Protein chains: 2
Amino acid sequence: MWKPDRQSKEPIYVQIADHLERRISYGEFPPGSLLPSERKLSEQLSVNRSTVILAFAELRSMGIIESRTGSGTRVSKTIWGATPKHTPNWSRYAEGGSFLPNLPFMRRIREALTQQPSLIDFASGELSADLAPIDEITMLMSEHKYTSYLGYDNPQGYIPLRQALVSYLAKYRGIQTTESSILITSGSQQSLYLITQCLLSPGDAVAIEDPSYCYSLPMFQSAGLRLFRLPVDRHGVRPEDVRSLYKKHRIKMVFMNPNFQNPTGTVFEAERRKQLLDVASELGLPIVEDDPFSLTAYEGEPPSPIKSMDSIGSVLYIGSFSKIAASGLRIGWMVAPRTIVERLADARQQMDFGLSVIPQQVAAQFLKSSYFEPHLDRLRMQLKFKQDLLIESLRRELPDHVQFTVPQGGLHLWCKLVPEVHDGKLLEEAIRRGVVFVPGSVYGSDSGYVRFTYARAKADEIGPGIAKFAEALRELIGESNGPR
Amino acid sequence: MWKPDRQSKEPIYVQIADHLERRISYGEFPPGSLLPSERKLSEQLSVNRSTVILAFAELRSMGIIESRTGSGTRVSKTIWGATPKHTPNWSRYAEGGSFLPNLPFMRRIREALTQQPSLIDFASGELSADLAPIDEITMLMSEHKYTSYLGYDNPQGYIPLRQALVSYLAKYRGIQTTESSILITSGSQQSLYLITQCLLSPGDAVAIEDPSYCYSLPMFQSAGLRLFRLPVDRHGVRPEDVRSLYKKHRIKMVFMNPNFQNPTGTVFEAERRKQLLDVASELGLPIVEDDPFSLTAYEGEPPSPIKSMDSIGSVLYIGSFSKIAASGLRIGWMVAPRTIVERLADARQQMDFGLSVIPQQVAAQFLKSSYFEPHLDRLRMQLKFKQDLLIESLRRELPDHVQFTVPQGGLHLWCKLVPEVHDGKLLEEAIRRGVVFVPGSVYGSDSGYVRFTYARAKADEIGPGIAKFAEALRELIGESNGPR
């Protein structure tokens, strides 16, 4: 990011004006488009707002920009040559297409994290740098010669990675499969995208858990799907609810996150899994099982996937490295019947021509390496440690205001706030104090719930982060209860 | 891929029956689904067809599979437990969704290349292993410590790569831009996919070149776009055609591949570029410029992109490493106004959560390294050498039957066949003889054209490959002319 040169003899406001003029002439801000506000620019460039005001005045005097009260500062439409030229109406193009933008809360959180890198992050559902096997991956990359041909990959993904996954799935997940039943994807996200785009049609009804991270994914709405909810109690969803949704709405698919469910941390109970499979086979109904968290089980055996009990092929199984190794690898996988794998591989070729071979090679090496098991052991221990820190802090700071069940794995703690407060106000108060979380309504729940991710923050940030959150909450409770 | 163990005491047909039973029970072939044919299986497993027939008989006797004359062999629906269980009707799901499958010719080519790895490949539009900078990339990967945090990346892509591209675009392509105007994508393919999915709506009219690789991409049809064609003569498209398409059909966007166009190799003439920009600015019409080949220019300065002359921001510029370094990196980029970059970055998060950081780091290192320029020099020389070999072979083998203009860059030679023969028959004859190419109709042209890629085959395969192609062509000409 460009910053003004404070050593230069040229006044800073002139440097800024020149810089903006350059960006305008490069086409980053076409004629008629809105410039960032004075406040935003002054933050980005680390200068006083008055300096930006001077720079804008300079550009205005040259006729390059125009400001109108209340509607911001825009690039002039008139200066670009004598004959009228029309830049495409880019904002109308940006509003077109079938893709919904991300949820406002999610965009607000991303924006806050970009603008204030020092925010304590209880929002991003991923591992912190110290939990990811960065050293191991760096070592594997320098140890192994990746001399294989870097051409377009097999449409289903790099064969040695699929072979390594066959062993991994048998050993760790009790799933017997073959490399030809596996599709490598860019994380679970791409698996879900392919399923919603290529196997379902607009207007189709599907069932998701309630609450569910699926609710936070606009891809379901973008695909024109009708979402119906399966309430999650402490043992997960009730299989009979699936049957009644099928009767009422002819649901075409059920999306499940059975092990340490996101956001609630619930484990879908074993007896209910059998019942769900029975209902599915009775109705010929496909189940999509997203299983990113199970290997984080803090103690004992990780819960088995539904897929391991699926004898007739009702389940599309999705896994990923994002939550147990590194989300930046962008490696996920789907296990599915051959017709589905081939169909989705063909469609994916049209979208992005497949994944880069390099991270697939790294992932295959990592799976087969002696680093994998010790990494998992360390990960589990450290996640549990961070969870303990979070829970201690919550009990210390807000003993009467949060209720939760402690999950036995995963990255998240799902909390009910007492009394209920306004989601959006709480988020803004928290951001103002330097901490960010995900409001429960993002997952389709009522106002008054919060998801804390304890995997992303550093251990020594967790206590201070919760202290800031507690301040924000107390501020709101104070407000809504009147002054104390 | 599993193969029977010829040292084992167990008969091979029993091994095959066991293997198939295992794959069926894993859900790869759910009840009711079609098994590969006897012929295909015998090829895949390198056994006689009679051995597969015996294995099928074994499975049939166990009630696991059922064969019906003319409709192939299917997994039984009835053996899986006493109560009737229904596997989801996966083939119906596979037919759903808005995604069209790839063109039959493209699928046939891919299938042939998978089944016969020894085919001489004039079809895949990519570099051979010896043209790609594999050694350089391997060295960069072991030299540099990639210790940065492997978390979810910035939605627009890895910042150091975008910074490196700002210098690259200024130095090699005459494009002045900023890192905030760049979106890193999974090759040009993903840029095009994002544009067609997110900036256009079903029913919108767009213009593409004729012939054009765009025609081979079902993504245009999948997005519900109406395609109108701009005929390419030896100087490219005619700008006045754009205006008349706009008047008639209100086209919303023009897709251009101006430098060494795929498939014709044409360079869009300089004066026409200016006229096209004038038409675009008059109509407020966006131009998508895909520019993957220009740095392969065999002699002299590479042709400048349209974007370098675009003063008002009409052009969405797309570039990629696929054709000048390695397609397996899956690194491309788009330069676009801020509103567009942000919109597409947001949509891409929903599809795949962005690219892996690792190949982006590698690409940034490669761009900044001292390997980059020598690599380009070597690439140009070797491409020209392979082009010469192809042309010599064609002139030797088929002096009277092919016509072409020699392109000054790129990877492809576009040939007219004299006399015209049936596209599909020629392809099958060629595959039977061990060589594969892309029929011209894939790019929307009439039957009787062929695209040869000379970059993918090894130098010593080019002569023999054209000899095989000549045999196939003569066979067809002989057929259509009756016996000589």
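Cut-offs and rules
- Residues numbered from 1 in each chain as written.
- Chains lettered and ligands numbered in written order.
- Predicted model: local features only at pLDDT ≥ 70, side-chain atom pairs only at ≥ 80, totals over all residues.
- Heavy atoms only, no water.
- Pairing = 2+ DSSP bridges.
- Helix = DSSP H or I, 4+ residues; strand = E, 2+ residues; numbered from the N terminus.
- Domains from an automatic or database assignment.
- Contact = heavy atoms within 4.5 Å.
- Buried area = accessible area lost by both parts, 1.4 Å probe.
- Salt bridge = Lys/Arg side-chain N within 4 Å of Asp/Glu carboxyl O.
- Polar contact = N/O pair within 3.5 Å; in protein donor to acceptor, adjacent residues only side chain to side chain.
- Nonpolar A, V, L, I, M, F, W, Y, C, P; charged D, E, K, R; others polar.
- Expected span 1.5 Å × (residues − 1).
- Buried < 20%, exposed > 50% of the residue type's maximum accessible area, 1.4 Å probe, protein only.
- Least-squares fit on C-alpha atoms with pLDDT ≥ 70 in both.
- Axes fitted to C-alpha atoms, helices over the stretch in contact; angles between N-to-C directions.
- Parallel < 35°, antiparallel > 145°, perpendicular 65-115°, else oblique.
- Left-handed = near helix turned anticlockwise from the far one by under 90°.
- Phe/Tyr/Trp six-rings, centres within 6.5 Å; stacked < 30°, edge-to-face > 60°.

Asks: Talk me through the sheet that holds strand β14 (residues 438-439) of chain A; I want residue IDs and the actual numbers.
Replies: All names here are of chain A. With respect to topology, four strands assemble into an open sheet ordered β11-β12-β15-β14, the strand pairing being antiparallel. Looking at strand neighbours, the two that pair on one side only are β11 (402-403) and β14, the edges of this open sheet. With five bridges connecting them, strand β12 (residues 412-417) and strand β15 (residues 449-453) associate as antiparallel partners. By the bridge assignment, C415 is partnered in β15 with V450.

Asks: How would you summarise the domain arrangement of chain A if you had to cite specific residues and measurements?
Replies: By a widely used convention, the size of an interface equals the accessible area lost when the partners come together. By the assigned domains, chain A splits into domain 1 (12-95), domain 2 (104-130 + 374-481) and domain 3 (134-370). Summarising the inter-unit geometry, the C-alpha centres of domain 1 of chain A and domain 3 of chain A are found 45 Å apart.

Asks: Hey, could you go over the interface of chain A and chain B for me, with residue numbers and the actual values?
Replies: Counting from both sides, the interface comprises 106 residues of chain A and, opposite them, 106 residues of chain B. For the pair chain A and chain B, the summed buried surface comes to about 9,100 Å²; carbon and sulfur atoms form 56% of the total. Considering only the side of chain A, the residues that lose the most area to chain B are A:W90, A:Y93 and A:Q350, jointly responsible for 9% of the buried surface there. Across the chain A-chain B interface, the total number found is four salt bridges. For B:R110, the salt bridge identified is with A:D346, shortest N-O distance 3.7 Å. Connecting chain A to chain B are 39 residue pairs in polar contact (both at pLDDT 80 or more). Sort the elements by how many residues they give to the side of chain A that touches chain B and helix α12 (residues 338-352) of chain A lands first, with ten residues. Across the side of chain A that touches chain B, the residue classes tally to 47 nonpolar, 40 polar and 19 charged.

Asks: Quick one: what's the story with α12(A), residue by residue and with numbers?
Replies: All names here are of chain A. End to end, α12 covers 21 Å across 15 residues, agreeing with the expected 21 Å (1.5 Å per residue, within 8%). For α12, the buried fraction is high: 13 of the 15 residues fall into the buried class. F353 lies just past α12 and shows a positive phi near 60°.

Asks: Go over the environment of A:W90 with me, naming the residues and quoting the values.
Replies: Mapping A:W90 onto the fold places it in helix α4 (residues 90-95). Here A:W90 falls in the buried class, since its relative accessible area comes to 3%. For the pair A:W90 and A:P30, spaced 60 residues apart in sequence, the C-alpha separation works out to 8.6 Å. Setting aside residues no more than four positions away along its own chain, A:W90 makes contact with A:P30, B:P286, B:G313, B:S314, B:L316, B:P337, B:T339 and B:I340.

Asks: Can you explain the side chain of A:R272? Please cite residues and give values.
Replies: Residue and element names in this part refer to chain A. Relative to the helices and strands, R272 resides in helix α11 (residues 270-283). For R272, a relative accessible area of 14% puts it in the buried group. A distance of 2.9 Å separates the side chain of R272 from the backbone oxygen of G236, its partner in a polar contact.

Asks: Got a sec to walk through the relation of the copies chain A and chain B? Specific residues and values, please.
Replies: Overlaying chain A on chain B yields an RMSD of 0.1 Å, the required transformation being a rotation through 180° with an accompanying axial translation of 0.0 Å. As the rotation angle and translation indicate, the two copies are arranged about a two-fold axis. When C-alpha distances to the rotation axis are compared across chain A, the minimum falls at A:S142, with a value of 2.1 Å. A share of 100% of interface residues in chain A that are also interface residues in chain B marks the association as one of identical surfaces.

Asks: Which residues make up the packing of helix α1 (residues 12-25) of chain B against helix α3 (residues 49-61) of chain B, and what are the values?
Replies: Packed helix pairs are specified by the crossing angle of their axes together with the interaxial distance, meaning the distance between the axes. All names here are of chain B. At a closest axis distance of 8 Å, the pairing of α1 and α3 adopts a crossing angle of 55°. Classified by the interaxial angle, the pair formed by α1 and α3 is oblique. Seen along the crossing, α1 lies across α3 with a hand that is right-handed. For the pair formed by α1 and α3, the contact residues are I12, Y13, I16, A17, L20 and E21 on the first element and T51, L54, A55, F56, E58 and L59 on the second. Each residue belonging to the contact of α1 with α3 can be placed in one class, and the counts come to nine nonpolar, one polar and two charged.

Asks: With reference to specific residues and values, describe unusual backbone geometry.
Replies: In this structure, A:P211 follows A:D210 across a cis peptide bond, with omega equal to 0°. With respect to the element layout, A:P211 can be found in the loop between β5 (205-210) and α9 (218-222). For A:R330, which is not glycine, the phi torsion reads 55° and is therefore positive. With respect to the helices and strands, A:R330 occurs in the loop between β9 (315-320) and β10 (332-335). With a relative accessible area of 4%, A:R330 lands in the buried category. Located in the positive-phi region is B:S46, a residue other than glycine, with phi close to 55°. Assignment of secondary structure puts B:S46 in the loop between α2 (38-45) and α3. Looking at B:S46, the relative accessible area reads 43%, which means it is partly exposed.

Asks: Account for the sheet that holds strand β15 (residues 449-453) of chain B, with residues named and values stated.
Replies: Residues and elements named next belong to chain B. Across the sheet, which stays open at both edges, the four strands sit in the order β11-β12-β15-β14 with antiparallel pairing between neighbours. Lying at the two open borders of the sheet, with one neighbouring strand each, are β11 (402-403) and β14 (438-439). The pairing of β11 with strand β12 (residues 412-417) spans two bridges and is classified as antiparallel. Residue pairing in the sheet places V402 in a bridge with L417 of β12.

Asks: Would you mind going over the environment of B:D18 in detail, with residue names and values included?
Replies: Secondary-structure assignment places B:D18 in helix α1. Assessed through its relative accessible area of 33%, B:D18 is described here as partly exposed.

Asks: Can you break down the packing of aromatic side chains residue by residue, with the values?
Replies: Counted according to the given criterion, the structure contains 31 aromatic pairs over all chains. When the centroid spacing of 5.7 Å and the interplanar angle of 90° are considered together, the rings of A:F122 and A:F452 count as edge-to-face. Residue A:F122 is found in the loop between β3 (120-121) and α6 (134-143), and its partner A:F452 is found in strand β15; the two are separated by 330 residues along the sequence. Considering the side-chain rings of B:F366 and B:F372, the 5.4 Å spacing of their centres and the 85° angle between planes classify their relative orientation as edge-to-face. Residue classification places B:F366 among the buried positions, given a relative accessible area of 0%.

Asks: Could you give an account of the pattern of salt bridges, with specific residues and numbers?
Replies: In this structure the tally under the stated criterion is 57 salt bridges over all chains. With a closest N to O distance of 3.4 Å, B:K307 and B:D310 form a salt bridge. Accessibility classification places B:K307 together with B:D310 in one group, the buried group. It is possible to trace a salt-bridge network through shared partners that takes in A:E429, A:R432, A:R433, A:E471 and A:E475.

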